[in-house]
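Chain by chain, the residues:
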4 protein chains.
Amino acid sequence: MNFAAIVHDIAEALRPQAGQQGHVATYIPALARVPADRFGIALHTVDGIEAGAGDCDMAFSIQSVSKVFSLTMSLQAIGDALWQRVGREPSGNPFNSLVQLESEHGKPRNPFINAGAIVVADVLLGLGRTSADLVAMLSDLCGEAVDIDEEVAASEAETGFRNRALANFMKSFGGIENDIAAVLDLYFRQCSIRMNCRQLARAAGYLCSDGAHPLSSRGGARPALVNERLTRRVNALMLTCGTYDMAGEFAYRIGLPCKSGVGGGIIAVVPDRLTLAVWSPALDESGNSWLGMKALEMFVARTGLSVF
Amino acid sequence: MNFAAIVHDIAEALRPQAGQQGHVATYIPALARVPADRFGIALHTVDGIEAGAGDCDMAFSIQSVSKVFSLTMSLQAIGDALWQRVGREPSGNPFNSLVQLESEHGKPRNPFINAGAIVVADVLLGLGRTSADLVAMLSDLCGEAVDIDEEVAASEAETGFRNRALANFMKSFGGIENDIAAVLDLYFRQCSIRMNCRQLARAAGYLCSDGAHPLSSRGGARPALVNERLTRRVNALMLTCGTYDMAGEFAYRIGLPCKSGVGGGIIAVVPDRLTLAVWSPALDESGNSWLGMKALEMFVARTGLSVF
Amino acid sequence: MNFAAIVHDIAEALRPQAGQQGHVATYIPALARVPADRFGIALHTVDGIEAGAGDCDMAFSIQSVSKVFSLTMSLQAIGDALWQRVGREPSGNPFNSLVQLESEHGKPRNPFINAGAIVVADVLLGLGRTSADLVAMLSDLCGEAVDIDEEVAASEAETGFRNRALANFMKSFGGIENDIAAVLDLYFRQCSIRMNCRQLARAAGYLCSDGAHPLSSRGGARPALVNERLTRRVNALMLTCGTYDMAGEFAYRIGLPCKSGVGGGIIAVVPDRLTLAVWSPALDESGNSWLGMKALEMFVARTGLSVF
Amino acid sequence: MNFAAIVHDIAEALRPQAGQQGHVATYIPALARVPADRFGIALHTVDGIEAGAGDCDMAFSIQSVSKVFSLTMSLQAIGDALWQRVGREPSGNPFNSLVQLESEHGKPRNPFINAGAIVVADVLLGLGRTSADLVAMLSDLCGEAVDIDEEVAASEAETGFRNRALANFMKSFGGIENDIAAVLDLYFRQCSIRMNCRQLARAAGYLCSDGAHPLSSRGGARPALVNERLTRRVNALMLTCGTYDMAGEFAYRIGLPCKSGVGGGIIAVVPDRLTLAVWSPALDESGNSWLGMKALEMFVARTGLSVF
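What you see is a predicted model; the values in this text were computed from it and never measured. (Residues numbered from 1 in each chain as written. Chains lettered and ligands numbered in written order. Predicted model: local features only at pLDDT ≥ 70, side-chain atom pairs only at ≥ 80, totals over all residues.)

(A) Focus on the relation of the copies chain A and chain D. Taken as rigid bodies, chain A and chain D are interconverted by a rotation of 180° and an axial shift of 0.0 Å, the fit giving an RMSD of 0.0 Å. Such a combination of turn and shift is consistent with a two-fold rotation axis. Taking C-alpha positions as reference, the residue of chain A nearest the rotation axis is A:Ala165, located at 2.0 Å. When you check the interface residues of chain A against chain D, 100% turn up at the interface there too, and the contact is symmetric in its surfaces. (Least-squares fit on C-alpha atoms with pLDDT ≥ 70 in both. Contact = placed C-beta atoms within 7 Å.)

Right, dumping it as structure tokens:
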């Protein structure tokens, strides 16, 4: 397929609609300032082919998209032992809900709701990992230096009462091992990493290639990120839990493993074929990028690529 | 691949374990009487190749597996209009829970929890369909006459207080249009259809062939069941919602769209390749066939076939 | 105190406001037809003094007020053994909620929510009691013939999907012993009893006199309804659970054991002193009579009578 | 009545049972060290008569009993405006539950569950009040110097993850105005006040005397704590919400406004007559003093004093 033409056409069709529906996240000033009328799209194939269009070079706050990479780093280190600390079922509740945690004694449903991602951060901290290690991992994956938006990180920390509630609540059940302030610092910093669509599509490349480093097609021996088995399982988690309480809707309309963030970014995986990153900051009511979701739908309709 | 050898090997390996773990459903006598030590497996490929092993010719109560076929029949008739009556998100709750229904004003989360399947039955009834139409559809799909186990149907009706509660509860919100007794009669009868693994794998064949009739490879013009788009969407719903509150676990460990029933049957779909049916009556705590789940895991490990 | 003057003054002050706020229950035609601009009040003291004002002679549907009398009849028969079937804690949820029932395995929180009253009806039915026995009990208590509004009873039965859901749900947990249709028939008929304020204030008279028959002050040996201990306990249940999810508000603003019904009636008890009945059909959002609640507040402010 | 004899008899009967059932709270070392075999009882009448028996002079951690006094202090200052910040309905859930807070947008059900008491502490802090003011208020009420157990306060702060979760959760809804650390410091310190039964019965004396200072019967002009109306309302809240999810049970078996704490203390009010304080550190499953509850039941049975 002519992927360059496909992403060009999608950007052409959708960019004029950017910001016409939905609302940019406003809970911290640095996110609220992002212009609503942006739209970017990029893809990276298993063969190393890349294509981008629209604002695909403009960096944004990856927010919850980071949860895929922190999950991967924890699976690299401890594998399936992670599941003693966090479940892998859809929650059926909003991303920041405490209700289920109470009836399930502080064990989060999955690593993509906030509570679960905080547990993953606690696991990483217990292994001596820091936000700098996540930045290094992402820089290595995309072959470009990425960084943390310190203003966003500071704002997240200042206003993160709900996440602080989640962490303290889990700690009251014994579900958090390290100091809460340190765990949340790691979590808030990972959410504040900024990247553009090109970088994100490439960094996620291991998810469409059974775990192989996305730059390995450029030659030079690069170790796999995780093995094929765990790669498939990250994809499974993205499909069932990656878009909060819209996972069923994404599976139905798009049919690809996806992970979204309130910065307006979404990554999607076509196993054995390619990874996609789309970005448009205005969110629908569910907290997913309104235009990003449309772009993915258009991509699937045009290419017929879907896991189903 | 040599599918005959694969299913033979799986049956060889697993049949001796049948009944060693889990428990046969006991809520009605006719189900409780089924011997726990049974195991059957069958598959049907998009090319019409079929293979079976173990007790693949022994009929069992398909129970909730029927929900895939009633959903398909309702989508044939009214398409996406169905989603005004039922959602398509995982529930995060047991299959017979009333909790979510209350906070969501009587609209079920998806068509595979009992409440949702009862709404689908109400839709079919409103269209003049009966359980005989479902029997006819299944008979046509597998090219063999299937029937309803009248003893099971009578027992379901006699003991179905929870389903009667669900139906009355939804009716109190205006979510059921027809007479409750008639709706439940259709629902109980569809759950009481009996088929064997060979028949089920074949009947579900349209799910791996973009909706084409499973017997169309035998020649003769047979109309498609549903179009490609809706076929993919039934698969998406099976993957995210087909195994109750174990959908995440199935996606993680097996990675295929599946639908299970308390009779111990499970159907699974490898899109564009094949459909599988496995059966072993002893259920794990989640209500899914313990050995059936192991068989699917073994199949995926052996063949590498998974959507992720 | 000059109770005749007090109730006269309250009726004078409030009757002009009848129907200005709130809404008459409309779920069945016979209730919806009741004119909103009615207001009645009556009281009965432990010495047999009675007073009434406003529409105190106009009969209305007592609805959930009947739960006090069915509870009393079941305590007469089996005493504290009742609490093996139903709890005695406030529910913190609406009167017809199913949520708590699910997490508490089908045992209702208290005998005044619908689920609990249905269990009480099941207990009475198991003892051979009928709605005619409740009618006879109430007729005996107030010394006048009361009856069932058959139109209301028929409508309740026709539209009672939520109550049918509650009964089936409890039956699925083993919480209902008799045939559901028979239990609900008793329940719907007890809710359809019609009485006026004078009759209700007098019939409830045993609650302010340690269980003595309200007409015993007229001479003639009449056995006590229940003993002092159980009488106090019915009062305790009324105060903590008698007005659904407004029990705290009633305790705070009125400070008397009360039981309300969607027909617009409320009975209140001043232990060792008197019983009150008020009626005005327009309900506030919580389902309690808007003007009835104001009348009780005015009575307490004027007399200083409150249990606190 | 001969109250000295009554409390003597109760202590005689119950003290030998102290520690035979239930468990001393162990979540912090200072509480866990308290010997289980203690039992104290004291009362204070509206006329200034006092009586005590058993370990009535041994100080203990008043814990949640302090919520009555902080509520009183906030009502003194802002009256019914308090109810814009906290509700007054029973919760039907455990004292430290977060579930209801989520569906009710961060407004606690009542001032006696932890979340509600934390809001009251926030109100007091906003008015410039400190834990020293609460200590001064209690010292003034009982005419003896009471103090804070600094070891308990430090332990509460160290282990109070659930309360920190509650405070952060409410803050995320805008329900807490001040700095969380300062609010929790006040809350943890008020819970760590230590008093004995004699002091507590006397300090609570205003609740049985329409708000009059408990020492006013000793002569000398002392201003009322709160007016009659608010006093009755504190009593109403104690009866409906003072013993967590056992309020219905307390109302049923004891029939008096009560407030309990996990230190094993309970205060009870007979309006217009007397206040009682009982203490025994072993708690039943609901977190109320097992023997304290028995003592109150015995007192009511012996004296016939109950609000119903």
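(B) Inspection of the interface of chain A and chain D at higher detail. On the side of chain D, 12 residues touch chain A, which itself brings 12 residues to the contact. Put simply, the parts of the chain that give the side of chain A that touches chain D at least two residues each are α4 (99–103) and α8 (161–172) of chain A. Element by element, the count of residues in the side of chain A that touches chain D is highest for α8(A), at 8 residues. The class makeup of the residues in the side of chain A that touches chain D is 5 nonpolar, 3 polar and 4 charged. (Helix = DSSP H or I, 4+ residues; strand = E, 2+ residues; numbered from the N terminus. Nonpolar A, V, L, I, M, F, W, Y, C, P; charged D, E, K, R; others polar.)

(C) Structural detail: the sheet that holds strand β8 (residues 265–270) of chain A. Residues and elements named next belong to chain A. Strand order across the open sheet formed by 5 strands is β3-β2-β9-β8-β7, with antiparallel pairing between neighbours. Of all strands in the sheet, those with a lone pairing partner are β3 (50–54) and β7 (258–260), marking the two edges. Going from strand to strand, the sheet's axes swing by 10° on average, the running direction of each strand aside. Summarising the sheet, strand β2 (residues 40–45) and β3 pair through 5 bridges and their orientation is antiparallel. Bridge pairing links His44 to Glu50 in β3. Along the sheet, helix α13 (residues 290–303) makes contact with β2, β7, β8 and β9 (274–279), crossing β9 at roughly 145°. (Pairing = 2+ DSSP bridges. Axes fitted to C-alpha atoms, helices over the stretch in contact; angles between N-to-C directions.)

(D) Structural detail: the interface of chain A and chain B. The partner chain B presents 27 residues to the 27 residues of chain A that form the contact. Residue assignment for the side of chain A that touches chain B shows that the elements contributing at least two residues are α11 (228–241) and α12 (247–253) of chain A. In terms of residue count, the dominant contributor to the side of chain A that touches chain B is α11(A) (8 residues).

(E) Up close: the relation of the copies chain A and chain B. Superposition of chain A onto chain B requires a rotation of 180° combined with a translation of 0.0 Å along the rotation axis, giving an RMSD of 0.0 Å. When you check the interface residues of chain A against chain B, 100% turn up at the interface there too, and the contact is symmetric in its surfaces.

(F) Highlighting the pairing of β8(A). Residue and element names in this part refer to chain A. The element β8 is extensively covered by neighbouring structure, given that 6 of its 6 residues are classed as buried. With burial as the criterion, each face of β8 is covered, one bearing Gly265, Ile267 and Val269 and the other bearing Ile266, Ala268 and Val270. Two elements, β7 and β8, share 3 bridges in a ladder whose sense is antiparallel. Note on β8: the bridge partner recorded for Lys259 is Ile267. The hairpin turn running from β7 into β8, its antiparallel successor, is 4 residues long, and Gly264 in that turn takes a positive phi close to 100°. (Buried ≥ 20, exposed ≤ 12 C-beta atoms within 10 Å, placed from the backbone.)

(G) Region of the structure containing helix α11 (residues 228–241) of chain D. Residue and element names in this part refer to chain D. Across its 14 residues, α11 extends 20 Å between first and last C-alpha, which sits within 8% of the 20 Å expected from 1.5 Å per residue. The buried fraction of α11 is high, at 11 of 14 residues. The complete set of buried residues in α11 reads Thr231, Arg232, Arg233, Val234, Asn235, Ala236, Leu237, Met238, Leu239, Thr240 and Cys241. (Expected span 1.5 Å × (residues − 1).)

(H) Spatial organisation of the confidence of the model for chain A. Across chain A, the average pLDDT comes to 95, with 99% of residues at 70 or higher. Both scores are available for the predicted complex, with the pTM at 0.93 and the ipTM at 0.93. (pLDDT = per-residue confidence, 0-100.)

(I) α8(A), seen in detail. The first and last C-alpha atoms of α8(A) sit 16 Å apart over 12 residues, in line with the 16 Å expected at 1.5 Å per residue. The element α8(A) is extensively covered by neighbouring structure, given that 11 of its 12 residues are classed as buried. Residues of α8(A) that are buried: A:Phe161, A:Asn163, A:Arg164, A:Ala165, A:Leu166, A:Ala167, A:Asn168, A:Phe169, A:Met170, A:Lys171 and A:Ser172. Those residues of α8(A) that are buried lie in contact with α4, α5 (114–126), α7 (150–159) and α9 (180–191) of chain A together with α8 (161–172) of chain D.

(J) Spatial organisation of the pairing of strand β8 (residues 265–270) of chain D. Residue and element names in this part refer to chain D. Note: β8 against strand β9 (residues 274–279), 6 bridges, orientation antiparallel. Counterpart to Gly265 in the pairing with β9 is Trp279. Counted between consecutive antiparallel strands, the loop separating β8 from β9 contains 3 residues, among which Asp272 sits at a positive phi close to 70°.

(K) Just the environment of D:Arg222, in detail. Inspection of the secondary structure puts D:Arg222 in the loop between α10 (197–203) and α11. Apart from the residues lying within four places of it in its own chain, the contact partners of D:Arg222 are D:His213, D:Leu215 and D:Ser216.

(L) Up close: unusual backbone geometry. Phi angles above zero are rare outside glycine, and B:Gln63 is one such case at about 45°. For B:Gln63, the position within the fold is in the loop between β4 (60–61) and α3 (66–78). Positive phi, close to 55°, is recorded for D:Tyr244, a residue that is not glycine. Tracing the sequence through the fold places D:Tyr244 in the loop between α11 and α12 (247–253).

(M) Structural view of the sheet that holds strand β7 (residues 258–260) of chain B. Residue and element names in this part refer to chain B. Taken together, 5 strands build an open sheet; the order of strands is β3-β2-β9-β8-β7 and the sheet is antiparallel. Among the strands making up the open sheet, the edge pair consists of β3 (50–54) and β7. Sheet twist, expressed as the mean angle between neighbouring strand axes with direction ignored, is 10°.

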